[in-house]
Amino acid sequence: MELRTLKNRLKTAVRGHKLLKDKADETVRQFMNYIRLNKQLREETEGEVTDALRSFLMASAVNSPETIEEAVAMPARSVKLKSDVKNIMSVSVPSIEIEEGDNTELYPYSFATVSSELDSSIAKLSEVLVKLVRLAEVEKTCNMLADEIEKNRRRVNALEYVMIPDHEETIKYITMKLDENERANTIRLMKVKSMLAK
C-alpha cells in the first residue's frame, strides 16, 4: 500500500515539476517583455523630464522666483488615478489608469507675466505625467514577476533535487524489500516441499 501511495505521489510530483517548469519559462518570457518595455519607457521619460527641467531652468533664469512661484502655485488641471489589478501567470500585478479632471486648462496663469520657457516646461511636464505613471506600473510589475520567478525556481529545485529523488529512493528500497521477502518465501516453500518429499 505504501509503495502504491509513493508511486502516485511520485507521478504527481513529476507532473507538478513539469507544470512548474513550463510556468517558469512563460513567466521569464513575460518578465523579459516587461523589462524591455521598462527600459524603453525609462529612456523616453528621462529624456522628456530632462527637456522639461531644462526649460524650467531657462524660465528661472528669465523670471524671478516669486513670479514662477505665483504662476505655478495653483494647479489648473487635476487627474485621478484608477488602480486595479491584473493577472499575469497567477501573479496579481497593478494596473493604473489616468482619468483627466473636468478642467482642461493647462496654464493657470496669465501669459503676460511669465516667459514662454515656463509655458514649454509646464506643457512638457504635463505630457510626461502619463508616461511616469505607466513607468511606475511597469516597474512594479517587473519587481513582482522577479519575486515570482525566484519563488517558482525554489519550488522547481525542491521538487527536482529533493522530493522526486527521495520518493524514487524510497520506492527502490521498498521494491527491493518486497523482492527479498518474495525470494525468502520461495526458498521457504522449496524447503517445505523437499521436507515433505523426504
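Calculation criteria
- Residues numbered from 1 in each chain as written.
- Predicted model: local features only at pLDDT ≥ 70, side-chain atom pairs only at ≥ 80, totals over all residues.
- Heavy atoms only, no water.
- Helix = DSSP H or I, 4+ residues; strand = E, 2+ residues; numbered from the N terminus.
- Rg over C-alpha atoms; globule rule 2.2 N^0.38 Å.
- Contact = heavy atoms within 4.5 Å.
- Areas by Shrake-Rupley, 256 points an atom, 1.4 Å probe, with all protein chains shown as cover.
- Lys, Arg positive; Asp, Glu negative; His and termini not counted.
- Charge placed at Lys NZ, Arg CZ, Asp CG, Glu CD.
- Buried < 20%, exposed > 50% of the residue type's maximum accessible area, 1.4 Å probe, protein only.
- Pairing = 2+ DSSP bridges.
- pLDDT = per-residue confidence, 0-100.
- Polar contact = N/O pair within 3.5 Å; in protein donor to acceptor, adjacent residues only side chain to side chain.
- Salt bridge = Lys/Arg side-chain N within 4 Å of Asp/Glu carboxyl O.

Draft legend 1. Inspection of the overall build of the protein at higher detail. Across its full length, the protein carries three helices and two strands. The helix and strand sequence of the protein, counted from the amino end, reads α-α-β-β-α. In terms of overall size, the protein is more extended than a compact globule, its C-alpha atoms giving a radius of gyration of 34 Å where 198 residues would be expected to give roughly 16 Å. Seen through its C-alpha atoms, the protein measures out along the principal axes to roughly 130 × 30 × 20 Å. Of the contacts made within the protein by residues no fewer than 6 positions apart, 74% connect residues no fewer than 24 positions apart. Counting every atom, the protein has about 14100 Å² of accessible surface; 57% of that belongs to carbon and sulfur. Between the centroid of the 32 positive side chains of the protein and the centroid of its 33 negative side chains there is a distance of 19 Å.

Draft legend 2. Looking closely at the environment of Met 58. Its location among the elements puts Met 58 in helix α1 (residues 2–62). The class of Met 58 is partly exposed, set by a relative accessible area of 46%. Between the C-alpha atom of Met 58 and that of Glu 117, which follows or precedes it by 59 residues, the distance is 6.2 Å.

Draft legend 3. A look at the pairing of strand β1 (residues 79–88). Within β1, only one of the ten residues are buried, leaving the element largely exposed. Two strands pair when backbone bridges link them, and β1 and strand β2 (residues 91–100) are joined in this way by ten bridges, in the antiparallel orientation. Residue pairing across strands places Leu 81 opposite Ile 98, the latter belonging to β2. Here β1 folds back onto β2, and the loop between the two strands holds two residues, one of which, Met 89, carries a positive phi near 55°.

Draft legend 4. A look at the confidence of the model for the protein. Here the protein averages 88 in pLDDT, while 92% of its residues score no lower than 70. The lowest-confidence element of the protein is helix α2 (residues 65–72), averaging 77 in pLDDT; the highest-confidence one is α1, averaging 92.

Draft legend 5. Layout of unusual backbone geometry. The phi dihedral of Met 89 is positive, around 55°, even though this residue is not glycine. Accessibility expressed as a relative area gives 27% for Met 89, which makes it partly exposed. Within the chain, Ser 90 stands out as a residue other than glycine whose phi angle is a positive 60°. When you line up the elements, Ser 90 lands in the loop between β1 and β2. With relative accessibility at 52%, the residue Ser 90 sits in the exposed group.

Draft legend 6. Region of the structure containing the side chain of His 17. Note that His 17 resides in helix α1. Separated by 3.1 Å, the side chains of His 17 and Glu 160 make a polar contact. His 17 has contacts with Val 156, Leu 159, Glu 160 and Ile 164, leaving out every residue within four places of it along the chain.

Draft legend 7. Local environment of the pattern of salt bridges. This model, assessed by the stated rule, comprises 15 salt bridges. Note that Arg 29 is salt-bridged to Glu 26, the shortest N-O span being 2.7 Å. Placement of the pair is Arg 29 and Glu 26 together in helix α1, with a separation of three residues, close to one helical turn. Of the residues examined, Arg 29 reaches a relative accessible area of 44% and is grouped as partly exposed. In this structure, the salt-bridge partner of Arg 154 is Glu 150, at a minimum N-O distance of 3.5 Å.

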